[in-house]
Amino acid sequence: MQTFFLSQKFKAALLDNSTACPANATICNGASCVLPEDDFNRTLSTVLSTVLTIMLAIVMFSMGCNVEIKKFLAHLKRPWGIFVGFLCQFGIMPLTAFLLSLAFNVLPVQAVVVIIMGCCPGGTASNVIAYWVDGDMDLSISMTTCSTLLAMGMMPLCLFVYTKMWTDSSAIVLPYDTIGISLVALVVPASFGIYFNHRWPSKAKIILKVGSIVGAILIVVIAVVGGVLYQGSWVISPKLWIIGTIFPAVGYSLGFLLARFTGLSWHRCRTVSLETGMQNSQLCSTIVQLSFSPEQLELMFAFPLIYSIFQLLFAFTFLAGYRVYRRHRVKTKTDMEKTEEKDDSKSISSHAKTNGGFVSNETK
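Conventions we followed
- Residues numbered from 1 in each chain as written.
- Predicted model: local features only at pLDDT ≥ 70, side-chain atom pairs only at ≥ 80, totals over all residues.
- Heavy atoms only, no water.
- Phe/Tyr/Trp six-rings, centres within 6.5 Å; stacked < 30°, edge-to-face > 60°.
- Helix = DSSP H or I, 4+ residues; strand = E, 2+ residues; numbered from the N terminus.
- Buried < 20%, exposed > 50% of the residue type's maximum accessible area, 1.4 Å probe, protein only.
- Lys NZ or Arg CZ within 6 Å of the ring centre and 35° of its normal.
- Salt bridge = Lys/Arg side-chain N within 4 Å of Asp/Glu carboxyl O.

(A) Quick peek at the packing of aromatic side chains. Using the criterion set out here, one finds 11 aromatic pairs in the structure. Judged by centre distance (5.8 Å) and plane angle (65 degrees), the rings of Phe61 and Phe196 are edge-to-face. Here Phe196 lies in helix 8 (residues 176–199) and Phe61 lies in helix 2 (residues 39–64), a separation of 135 residues in the sequence. Consider the rings of Phe247 and Tyr307, whose centres lie 5.3 Å apart with planes at 75 degrees: the pair is edge-to-face. Placement of the pair is Phe247 in helix 10 (residues 238–261) and Tyr307 in helix 14 (residues 303–354), with a sequence separation of 60 residues. Residues Phe247 and Tyr307 agree in their burial class; the two are buried. Each residue in the set Phe61, Phe196 and Trp200 is aromatic and connected to the rest through ring pairs, giving one cluster. Over the ring of Trp200 we find Arg199, and its NZ or CZ is 5.1 Å from the ring centre. The ring of Trp266 carries Arg260 above its face, with NZ or CZ at 3.8 Å from the centroid.

(B) Broad picture of unusual backbone geometry. The phi angle at Asn105 is positive, at roughly 50 degrees, despite the residue not being glycine. Residue position: Asn105 is located in the loop between helix 4 (80–104) and helix 5 (108–119). Among the residues examined, Asn105 registers a relative accessible area of 59% and is labelled exposed. Phi at Asp134 is positive, roughly 60 degrees, even though this residue is not glycine.

(C) Main features of the pattern of salt bridges. What the rule picks out here adds up to 3 salt bridges. In this structure, the salt-bridge partner of Glu68 is Lys71, at a minimum N-O distance of 4.0 Å. Its relative accessible area of 41% is what places Glu68 among the partly exposed residues. Since its relative accessible area comes to 46%, Lys71 is described here as partly exposed. Between Asp134 and Arg326 there is a salt bridge; the shortest N-O distance is 3.2 Å. One end of the pair, Asp134, is in the loop between helix 6 (125–132) and helix 7 (137–162); the other, Arg326, is in helix 14, with 192 residues separating them in the sequence. With relative accessibility at 28%, the residue Asp134 sits in the partly exposed group.

Structure representation (structure tokens):
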């Protein structure tokens, strides 16, 4: 593994601030620190990973209950929406990560972790949020599935293209087994849900409502669990905080704009936007832990969690804004319909008076 270059001046500056970290930190140079993994964290991680995996399977099963086989196959036969999502996922996001790293002039190891995040496939949380914003669930699940599958080849390619100025891409370890497990955990429950919706559509609606609520709870639980398991100082480079804030917002915005520019409908634009901005941050954390030494991890180990927090904050803000808009729109539309009905009744009454009280069958 290639060792990243750090100037002696920068090391000295970090050592001067080492007192900011807890006394039991294994790595601490002032910019960040890593606490030793204790038995509590290890046990908690095992238990919660098992529980979260089961909950995730239930959620994906319920999301599948909102997918129609014909529409899902139509997306696969005419994959224009999937292709637009592909351009966003492996075109916009890695390029945005590269440009942000250059613009903020971060350290090489920090630039690499930002680009790794940009190269990751979409996360399953996007499916839940897509449901709540009335997105195209057929497109959402097909996009998440395809991006996870294509990540097997696109992640090495994007990392080779965008990280060569900072490091050798062969130094980055891609956990193909983790990607495969994520794909199975997504495809299998969702497939059962699609079949269940095909056979018992009325019961599928009930499961969908329950699963959407469980999914929203699961998203919050994962965020809290990440904060518990990644104990340690949050005193990391301010530049990474800024990038972690800007990056998901740029992903959501550019994904929506590209989808609209290519002629997709509004509900599909919302879907593509969420699939673009919501990355698989758990996969990014795994890659980072496998690829870098503890000395390098201290400079950027919390970035995946920072990105995850802000992508959820923006997603919930987007959801709240859409719900307010939808409520106002539905109310306005109802008022307009009532006004039109009154106008129609007045015109009918006036027409009846001018025609001796006769009203045709077409106007009744």
